[in-house]
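Below are the chains, spelled out letter by letter.
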Amino acid sequence: MRVLSVQISHSNLKSLVVTGCYRMRKVEFNTPNLRYFKYSGGIFTISKFRYCSGLLDVKLELYTGSLDGTELFWFVRLRNFLEIFSDCGALNLSFHLEGFPEELRHYDMLPDPFYQLTHLKITNRMFPISQQANFFNAFVELFPRVETFSLKAIDCELTIKFDEDGGFNLSWIPFIRASTTDEYDKNFQEMKDCIETIVNLLSWTEENYSEEENCADEHSEMDVSRNVVKRFESALWT
């Protein structure tokens with residue numbers, strides 16, 4: 001398999017989109033007036049990247065192999081890869097994972113925080129939300145200035161929006177397959193408990209949040225979806 005090494009140089013280039021280059025390993029960008037950069041693929045080495053400092057809008061969509069996402073080293077590589085964008089204006093990151101390494105539970109093993117990331121979206125449809133909840137705090141530690149954080153699991157999609165006052169809004173949409181109402185209620189309660197776990201992980205204390213719940217029920221025999229919107233206030237950064 002041929003490994004690609006690419007060099008792009010243009011003094012007037014303002015927008016650049018790179019997709020589907022999974023064999024790309026080393027790239028040099030000499031684009032001093034670049035204002036928009038979008039990339040979709042795996043992590044690669046950027047030996048040099050000249051862009052318009054403070055004004056570059058970056059959108060990254062990263063994919064892992066069957067083992068990459070379960071190894072802590074991938075997250076170290078991710079942290080190093082993001083460093084090249086530390087002077088950009090806005091950074092949006094989406095990545096698709098096959099799993100989570102157990103080391104993410106131990107904060108002393110995490111890479112250094114990356115403060116420039118503003119929007120984070122994780123897709124992991126291999127596991128239910130109950131197996132991913134305990135990793136939420138690790139991502140907040142790794143990206144402490146993130147403004148929006150969303151996760152798509154096999155049975156749930158949730159989004160957290162942080163505000164400047166240290167609070168956050170959490171909305172979630174469960175997707176539950178159930179043949180009976182009792183089975184649905186049981187699965188829904190388990191998922192609700194999992195969401196509460198995430199709230200507690202993101203809060204300094206359990207007493208620092210209030211809850212408003214608005215439920216809209218839609219039942220079918222085999223596929224049931226319920227949209228539940230909650231608001232939680234916490235002293236997250238006080």
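Residues numbered from 1 in each chain as written. Predicted model: local features only at pLDDT ≥ 70, side-chain atom pairs only at ≥ 80, totals over all residues. Heavy atoms only, no water.

### What about the overall build of the chain?
Next, step 1: Summing up its helical and strand segments, the chain has three helices and 13 strands in all.
Next, step 2: Summed over all atoms, the accessible surface of the chain reaches about 12500 Å², with 47% contributed by carbon and sulfur. (Helix = DSSP H or I, 4+ residues; strand = E, 2+ residues; numbered from the N terminus. Areas by Shrake-Rupley, 256 points an atom, 1.4 Å probe, with all protein chains shown as cover.)

### Description of the nonpolar core
A general feature of soluble globular proteins is that nonpolar side chains tend to end up buried together.
Next, step 1: Formed by 66 residues in total, the largest nonpolar core has its most connected members in Phe37, Phe139 and Phe143.
Next, step 2: Among the elements that line this core, the one with the most residues is helix H3 (residues 181-202), at eight residues.
Next, step 3: Look past the residues within four positions of Phe139 in its chain and what remains in contact with it is Phe75, Phe95, Phe100, Leu104, Leu120, Ile122 and Phe149. (Core = buried A, V, L, I, M, F, W, Y, C linked by side-chain atoms within 4.5 Å. Buried < 20%, exposed > 50% of the residue type's maximum accessible area, 1.4 Å probe, protein only. Contact = heavy atoms within 4.5 Å.)

### Remarks on empty space enclosed by the protein
Next, step 1: Tallied over the full model, the rule gives one cavity of 30 Å³ or more.
Next, step 2: If you trace the largest cavity, you find it lined by Phe100, Ile122, Gln132, Phe135, Phe136, Phe139, Phe149 and Leu151.
Next, step 3: Contributions of two or more residues to the lining of the largest cavity are made by helix H2 (136-142) and strand E9 (148-152).
Next, step 4: Here the residues of the lining of the largest cavity are counted per class, giving seven nonpolar, one polar and no charged. (1 Å grid on protein atoms, 1.4 Å probe; cavity = no way out; pocket = protein on both sides within 12 Å on 5 of 7 lines; lining within 4 Å. Points joined across faces, edges and corners; volume = space filled by probe spheres on them. Nonpolar A, V, L, I, M, F, W, Y, C, P; charged D, E, K, R; others polar.)

### A closer look at the environment of Asn137
Next, step 1: Here Asn137 lies in helix H2.
Next, step 2: A C-alpha to C-alpha distance of 6.0 Å links Asn137 and Leu201, two positions 64 residues apart in sequence.

### Side note on helix H1 (residues 72-82)
Next, step 1: If you check which residues of H1 are buried, you get Leu72, Trp74, Phe75, Leu78, Arg79, Phe81 and Leu82.
Next, step 2: Taken together, the buried residues of H1 touch strand E5 (45-50), strand E6 (57-63), strand E7 (90-96) and H2.

### Considerations on the environment of Pro113
Next, step 1: By secondary structure assignment, the location of Pro113 is in the loop between E7 and strand E8 (119-123).
Next, step 2: Classification of Pro113 as partly exposed rests on a relative accessible area of 29%.
Next, step 3: It is 6.6 Å that separates the C-alpha atoms of Pro113 and Glu141, two residues lying 28 residues apart in sequence.
Next, step 4: Once residues lying within four places of it in the same chain are set aside, the contact partners of Pro113 are Arg79, Glu141, Leu142 and Pro144.

### Details of the confidence of the model for the chain
Next, step 1: Counting all residues, the mean pLDDT for the chain is 76, and 79% of those residues have values of 70 or more.
Next, step 2: Counting contacts from residues 204-238, a segment whose pLDDT is below 50, to residues more than four positions away or on other chains yields 98 contacts. (pLDDT = per-residue confidence, 0-100.)

### Examining the pattern of salt bridges
Next, step 1: A complete count under the given rule lists three salt bridges for this structure.
Next, step 2: Here Asp57 and Lys59 are joined by a salt bridge, their closest N and O atoms 3.2 Å apart.
Next, step 3: With a relative accessible area of 23%, Asp57 lands in the partly exposed category. (Salt bridge = Lys/Arg side-chain N within 4 Å of Asp/Glu carboxyl O.)

### Some remarks on the side chain of Thr31
Next, step 1: Within the secondary structure, Thr31 is located in the loop between strand E3 (24-30) and strand E4 (36-41).
Next, step 2: A relative accessible area of 0% places Thr31 in the buried class.
Next, step 3: Contacts of Thr31, omitting those with residues within four sequence positions, involve Ile8, His10, Leu13, Phe49, Arg50, Tyr51 and Cys52.

### Overview of the state of the cysteines
Such a bond, covalent and formed between the sulfur atoms of two cysteines, is termed a disulfide.
Next, step 1: Applying the stated criterion to the full structure yields zero disulfides.
Next, step 2: For Cys156, which is in no disulfide, the shortest distance to another cysteine sulfur is to Cys194 and amounts to 7.5 Å. (Disulfide = S-S within 2.5 Å.)

### Regarding the environment of Phe175
Next, step 1: Relative to the helices and strands, Phe175 resides in strand E11 (residues 168-176).
Next, step 2: In the structure, Phe175 is positioned 19 residues away from Cys156 in sequence and 5.6 Å away in space, judged by C-alpha atoms.

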